[in-house]
Amino acid sequence: MAAAPFTGSARSGPLADEDETRVASARITATRLGTALVRDPLDRTVHEQMRQFLDNDSEPALQSWEALKARTPEQLKSRIAELLTAQAQRSVS
């Protein structure tokens, strides 16, 4: 159920760090499962997928979310600059 990390090209690796990737993946999965529950609230497969997500993936994602929220404004500015630089370098190459 994991989403692929934010990538530009396979050889240069992901732009997102582990916490960023885990949170993004969990948000995508939770949104997909929530939508599936609205569409068919009694679908056993969706219930099983939700249980699996909650049992295996939600706690690490919540810990990563807390780590991201704990970043200082200076860390966030530095991370934004790092991502923008990496994206610009990828678009040139």
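Each value, and the rule that gives it
Residues numbered from 1 in each chain as written. Predicted model: local features only at pLDDT ≥ 70, side-chain atom pairs only at ≥ 80, totals over all residues. Heavy atoms only, no water. Helix = DSSP H or I, 4+ residues; strand = E, 2+ residues; numbered from the N terminus. Expected span 1.5 Å × (residues − 1). Buried < 20%, exposed > 50% of the residue type's maximum accessible area, 1.4 Å probe, protein only. Contact = heavy atoms within 4.5 Å. Polar contact = N/O pair within 3.5 Å; in protein donor to acceptor, adjacent residues only side chain to side chain.

## A short note on helix α1 (residues 18-39)
Thought 1: Over its 22 residues, α1 extends 32 Å from the first C-alpha to the last, a length consistent with the 32 Å expected when each residue adds 1.5 Å.
Thought 2: For α1, every residue scored as buried is listed here: Glu 20, Thr 21, Val 23, Ala 24, Ser 25, Ala 26, Thr 29, Leu 33 and Ala 36.
Thought 3: Against the buried residues of α1 lie α2 (44-69) and α3 (73-92).
Thought 4: Where α1 starts, the residue carrying a side-chain oxygen 3.2 Å from the main-chain nitrogen of Asp 19 turns out to be Asp 17.

## Regarding the side chain of Arg 79
Thought 1: Relative to the helices and strands, Arg 79 resides in helix α3.
Thought 2: A relative accessible area of 11% places Arg 79 in the buried class.
Thought 3: Excluding residues that lie within four positions of it along the chain, Arg 79 makes contacts with Leu 15, Ala 16, Asp 17, Glu 20 and Arg 71.

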